[in-house]
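Residue-level structural notes
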Amino acid sequence: MLSCVRWLQPLLALLSSTLVSCGNSCPPSCLCPDHHTVDCTGQGLTRLPDSIPLDVRRLLLSDNGIPRIPSDFLVLYSDLVYLDLRNNSLSRVEPGTLSTSSRLVFLDLGSNNLTDIPSGTFRDSRSLIKLRLGNNPYLSTVGTDAFSGLSSLRELELERNALSGLDVGVLSQLPSLRVLRLEGNPWVCNCNFAKLFLWLTENQHKLPTGLDGMECSLPVDGRQVDGRQVPLSMLSEDSFRECRGILTLTDYLVVIFSGICVSVAAIMASFFLACTVHCFQRWSKFTKSDKDDMDE
């Protein structure tokens, strides 16, 4: 038994030293100023580097050409709190990619080629405090539940993207939000924008430049007017008074569904009433027949 232990000791020592060396190694072309920081800024990377220490806490990957983040990338880096992917070539972040980053506090995805933020993208990232998504020139869509679960998020940057509208429900899911940047987007002040405008007027203190820093195009018959921009500070709730009598697609669906439910309920009630009347009539005939037999 002792001989087996003596034989295994060198092997275990070699294995442990290999794991330690792999865990503390610095990726080629990157800098590691301390044991928990990996700086690969501006190294011309076209994919995520190999040999990232497992205990990394700050990962700087800005100013490269990284096109995608593997969905399982963050599984091994449970201590990561700061991730900078600014100014890369990211076109999409798959939903669930960041769900394993339970300690992530800061995330910068600005200045990329993102086109949309699907629902569930930041699911379970409850520790996230600051999220940068600005300067994505093709970002035109944000899913209704894109930020669902970000209960600790305080700063959200969506400035200078391609957003013409935004569902107000996206912002209502952020109870800790303190700073919101939306300036520089091609907003269209149509009826779909009315609810967002009301939310913005009630939360101006969260906008660093206030309503003065945001502009929109006023539509006429669904078309923009010469591309001219109007500051939101020049508008009021009355500017959208024509929208008060207009039903959205959701409103129509609710009305149709309600009508169907009422119709089904009415049919069931009529059927139940008819069955009750029929049973009562049969019972009355049966009772009368028994009475006549007794009289005879």
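Residues numbered from 1 in each chain as written. Predicted model: local features only at pLDDT ≥ 70, side-chain atom pairs only at ≥ 80, totals over all residues. Heavy atoms only, no water.

**Re the overall build of the protein chain**
- Of the regular secondary structure elements, the protein chain holds four helices and 15 strands.
- Classification of the 296 residues of the protein chain by burial places 34% in the buried group.
- By sequence separation, contacts in the protein chain at least 24 residues apart represent 53% of the contacts at least 6 residues apart.
- Taken as a whole, the protein chain presents about 17600 Å² of accessible surface, with 58% of it coming from carbon and sulfur. (Helix = DSSP H or I, 4+ residues; strand = E, 2+ residues; numbered from the N terminus. Buried < 20%, exposed > 50% of the residue type's maximum accessible area, 1.4 Å probe, protein only. Contact = heavy atoms within 4.5 Å. Areas by Shrake-Rupley, 256 points an atom, 1.4 Å probe, with all protein chains shown as cover.)

**Considering the packing of aromatic side chains**
- On inspection of all chains with the given rule, the structure shows six aromatic pairs.
- Residues W187 and F193 carry aromatic rings whose centres are separated by 5.7 Å and whose planes lie at 50° to one another, so their mutual orientation is tilted. For the pair shown, W187 and F193 are each scored as buried.
- A connected cluster of aromatic rings, assembled from ring pairs, spans W187, F193, F197 and F240.
- Against the face of Y82 rests R58, its NZ or CZ located 4.4 Å from the ring centre. (Phe/Tyr/Trp six-rings, centres within 6.5 Å; stacked < 30°, edge-to-face > 60°. Lys NZ or Arg CZ within 6 Å of the ring centre and 35° of its normal.)

**Some thoughts on the sheet that holds strand β15 (residues 230-231)**
- The strand order across the open sheet formed by three strands is β11-β12-β15, and the pairing between neighbours is mixed. The sheet terminates laterally at β11 (187-188) and β15, the two strands that pair on one side only.
- Where β11 and strand β12 (residues 215-217) come together, two bridges link them in parallel fashion. Pairing of V188 across the sheet is with S217, part of β12. (Pairing = 2+ DSSP bridges.)

**Comments concerning the state of the cysteines**
- Evaluated as defined, the whole model comprises four disulfides.
- The partner cysteine of C26 in its disulfide is C32, sulfur to sulfur 2.1 Å. Judged by the sign of its S-S torsion, about 90°, the bond between C26 and C32 is right-handed.
- Across the disulfide, C30 is cross-linked to C40 (sulfur-sulfur distance 2.0 Å). In this structure the cystine formed by C30 and C40 twists about its S-S bond by roughly 110°; its chirality is therefore right-handed. Residue C30 is located in the loop between α1 (2-24) and β1 (31-34), and its partner C40 is located in the loop between β2 (37-39) and β3 (58-60); the two are separated by 10 residues in the primary sequence. (Disulfide = S-S within 2.5 Å.)

**A short note on a nonpolar patch on the surface**
- Together, L54, V75 and L76 make up an exposed nonpolar region whose accessible area comes to about 290 Å².
- Position of L76 among the secondary structure elements: in the loop between β3 and β4 (82-84).
- A relative accessible area of 56% means that L76 is categorised as exposed. (Patch = residues over 30% accessible without salt bridge, like charges linked within 9 Å, V, L, I, M, F, W, Y side chains within 5 Å. Salt bridge = Lys/Arg side-chain N within 4 Å of Asp/Glu carboxyl O.)

**Focus: the side chain of T37**
- Along the chain, the position of T37 falls in strand β2.
- T37 sits in the buried class, given a relative accessible area of 7%.
- With residues near it in sequence (within four places) discarded, T37 still touches L31, C32 and R58.

**Structural notes on the environment of L48**
- If you trace the backbone, L48 turns up in the loop between β2 and β3.
- Overall, L48 belongs to the buried group, its relative accessible area being 10%.
- Once the C-alpha coordinates of L48 and L61 are considered, the two residues, 13 residues apart in sequence, prove to be 8.2 Å apart.
- In this view, L48 contacts L61, I66, I69, P70 and F73; residues no more than four positions away in its chain are not counted.

**Describing the environment of W187**
- As for its position among the elements, W187 is in strand β11.
- Residue W187 is classed as buried on the basis of its relative accessible area of 0%.
- Residues within four places of W187 in sequence aside, it is in contact with L163, S164, G165, L166, L182, F193, L196, M214, E215, C216 and S217.

**Some thoughts on the confidence of the model for the protein chain**
- The pLDDT averaged across the protein chain works out to 82; a share of 77% of its residues lies at or above 70.
- Taken as a whole, residues 4-23 scores under 50 in pLDDT and shows four contacts with residues more than four places along the chain or in a different chain. (pLDDT = per-residue confidence, 0-100.)

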